[in-house]
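# Descriptive structure summary
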Amino acid sequence: MFKKILIANRGEIACRVIKTARRMGIKTVAVYSDADARAPHVEMADEAVHIGASPASESYLIAEKIIQACKDTGAEAVHPGYGFLSERTSFAEALEKANIAFIGPPVGAIAAMGDKIESKKLAMEAGVNVVPGFVGEIDSTDHAVEISNGIGYPVMMKASAGGGGKGMRLAYSEKDVRENFESVKREGLASFGDDRVFIEKFIESPRHIEIQILGDKHGNILYLNERECSIQRRHQKVVEEAPSPFVTPKMRKAMGEQCVALARAVGYYSAGTVELIVSGADTTGEGFYFLEMNTRLQVEHPVTECITGLDLVEQMIRVAYGEKLAFTQDDVKINGWAVENRVYAEDPYRGFLPSTGRLVRYRPPAEADNVRVDDGVYEGSEISMFYDPMIAKLITWGQTREQAIDKQITALDRFEIDGIGHNIDFLSALMQHDRFRSGNITTGFIAEEFPEGFTGAAANEVLSRRLAAIAGVLATVDAARAAQIEGRLNGPEEPSTSWVVTLDGVERQIEIAGDAVTVDGVPTVVDAPYVPGQRLVEAVVDGETLSLRVERRRTGWRFTARGASHSLRVLTPRVAALSHHMIEKIPPDLSRFLLCPMPGLVTAIHVEAGAKVEAGQPLAVVEAMKMENILRAEKAGTVKAVAATAGDSLAVDAVILEFE
């Protein structure tokens, strides 16, 4: 077995590989950029080598620096993780030339599957179902329109070398094609160095199912069941689960065998994933089509590990060393259900805009009771603009799908993240959504269920009463502590045990008498151990556990639980009565400004002062995380002033345009 391996990656996947290598008794080498000098993967590894400046193009994407680090440290093999150089044939070839093992598939397979156009041709030859579309190079926008009209709308335009949701646009009409084709080309060139685009039919009610493949160098290739990855936003996966609630045993076998045939056609070994698009409207189970093959470890691999009991990183290392797979297809079982949520540095309350900055507080839930957290950050880490905004992956396992989902809800409530925007509330709302829990999901789920954006999961009557009861208990504890302060002019003050709690405009009368709590006169059993200043409260209300993050506010509390943040005003009855006479402060009207929705680079301004604009008209383009964001007019109007120019780097809420 290898004595030492180098991980050519960063963040959570680097930490993930190091954990398995350590368990196998293999020493590890980390590489890091300026931005990652104090990152957890650097601390975890046995050795670490600095490879350049913060931008990936000056560090993690330079193969020569990785190879030199191997030579300097004596690393015998490289695990590429995902992203960066993981699917670069030139990198695998350079390693081979330097006599360093690549913990991944053969160069020929990477090349064949890395080009979406060529991979579709190979899939067709291997007898794999493929989506109707144009397989070839597209010369111009007019050519793209001609092809799209021939296929029939809707169509999907994709960068040939794309991935991770970049370089993809859905077109419902010729107008959409003309408006977005060049944008797809630019994103493909900026992110992957390849501006080729292909177009295919968009499958209605689509589900995204993928098959995990594992092969060795001795001709053995297996499929390790499927993963459901239909919950996506802008083609970026958010929730993954294994197995799929849609796939039948017959369908699983057909999918698996086709994917193995494709892998065998390119001489595949190591771990890989064949992504399929499945028609949710086709109950026969035959409406599945090849999308692409990812010749690497997937972000969502933990859910497959949970239901099969296999460590995919370990298998990749063993295969790279030349070992045979120690099990057969018949040994691959499905044990229970696993769900993974991706915790991103993005603000769902502001249209999921990227969030950067320091993790002032980071406390993930404890890894117990089949709860797993894969992360590569720590309290104080910087979430920078240079890399992917994923903070962590939360994986839960249960005997049933419902158990795994419920564990997600509980664990998400126990996350503590401060300093940046994050999507914890949104993920919890997804887990509680009736349609998600039913399994009736498609890739359009988020757009369909949250058409006006995300405003937080609504609190039902039961949850509202419980939050009010907890607020009363916490207020009583705070009041009792305040009463102990000495030196008051009027002597010690008797702490209040009666409270008026206002949540979502509804006032509730809370009475505390020892351990007895009543909400609007109804007895409620509350056990909420709390010390003033505590940030996470584990309460039991009427026999049910409720974890909530708490923040003291001037007139009450801010509770975050069950997919939303709730502002609770907690006042004594006397103060509550007087508060009704207070004048409400009205926030300023900012509707006459176009504000920058995220920290980013202005790449284009489409209007000038005095221009008249119509609703939906593109006004400016802001690039963030290598994604172009078109800012459009919300209503008709006239531009009074232009405050920004192309090339400006703007902070969030910076003024771009002012309207009359």
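This one's a predicted model, so the numbers in the text were calculated from it and none came from an experiment.

### A closer look at the environment of Lys-65
- Checked against the element boundaries, Lys-65 lands in helix H3 (residues 63-73).
- Sequence spacing of Lys-65 and Ala-368 is 303 residues, and the spatial spacing of their C-alpha atoms is 39 Å.
- Here Lys-65 is in contact with Ile-51, Gly-52 and Glu-58, once residues within four sequence places are set aside.

### Here's the deal with helix H4 (residues 89-97)
- All of the buried residues along H4 are Phe-91, Ala-92 and Leu-95. When H4 is viewed along its axis, its buried side chains cluster within an angular range of 95° and face the same direction. The outward face of H4, more than 90 degrees from its buried face, is lined by the exposed residues Glu-96 and Lys-97.
- Looking one or two residues beyond H4, the residue adopting positive phi is Asn-99, at roughly 60°.

### Brief notes about unusual backbone geometry
- Residues Tyr-153 and Pro-154 are joined by a peptide bond in cis, for which omega reads 0°.
- Within the secondary structure layout, Pro-154 lies in the loop between helix H7 (141-151) and strand S7 (155-163).
- Note that the residue after Ala-242, namely Pro-243, is joined by a cis bond; omega there is -5°.
- Structurally, Pro-243 is set in the loop between strand S12 (236-242) and helix H9 (249-265).
- One non-glycine residue, Asn-99, lies in positive phi territory at about 60°.

### Describing the layout of surface pockets
- The computed volume of the second largest pocket comes to approximately 460 Å³.
- The wall of the second largest pocket is formed by 19 residues, among which Ile-417, Asp-418, His-422, Arg-549 and Thr-560 lie closest to the centre.
- Broken down by secondary-structure element, the contributors of at least two residues to the lining of the second largest pocket are strand S23 (416-418), strand S30 (544-553) and strand S31 (556-561).
- Class assignment for the residues of the lining of the second largest pocket results in 5 nonpolar, 5 polar and 9 charged.

### Points about the sheet that holds S12
- Pairing is antiparallel across the open sheet formed by 8 strands, whose spatial order is S14-S13-S10-S11-S12-S15-S22-S20. On the outer flanks of this sheet lie strand S14 (288-294) and strand S20 (371-375), each paired with one strand and no other. Each strand axis lies, on average, 25° off the axis of its neighbour in the sheet, ignoring direction.
- Bridging between strand S15 (residues 337-344) and strand S22 (residues 390-398) involves 8 bridges; their strand directions are antiparallel. Among the inter-strand pairings, Arg-342 is bridged to a residue of S22, identified as Lys-393.
- Packed onto the sheet, helix H13 (residues 424-432) meets strand S11 (221-233), S12 and S15 and runs at close to 150° relative to S15.

What counts and how
Residues numbered from 1 in each chain as written. Predicted model: local features only at pLDDT ≥ 70, side-chain atom pairs only at ≥ 80, totals over all residues. Heavy atoms only, no water. Helix = DSSP H or I, 4+ residues; strand = E, 2+ residues; numbered from the N terminus. Contact = heavy atoms within 4.5 Å. Buried < 20%, exposed > 50% of the residue type's maximum accessible area, 1.4 Å probe, protein only. Arc of directions from axis to C-beta. 1 Å grid on protein atoms, 1.4 Å probe; cavity = no way out; pocket = protein on both sides within 12 Å on 5 of 7 lines; lining within 4 Å. Points joined across faces, edges and corners; volume = space filled by probe spheres on them. Nonpolar A, V, L, I, M, F, W, Y, C, P; charged D, E, K, R; others polar. Pairing = 2+ DSSP bridges. Axes fitted to C-alpha atoms, helices over the stretch in contact; angles between N-to-C directions.

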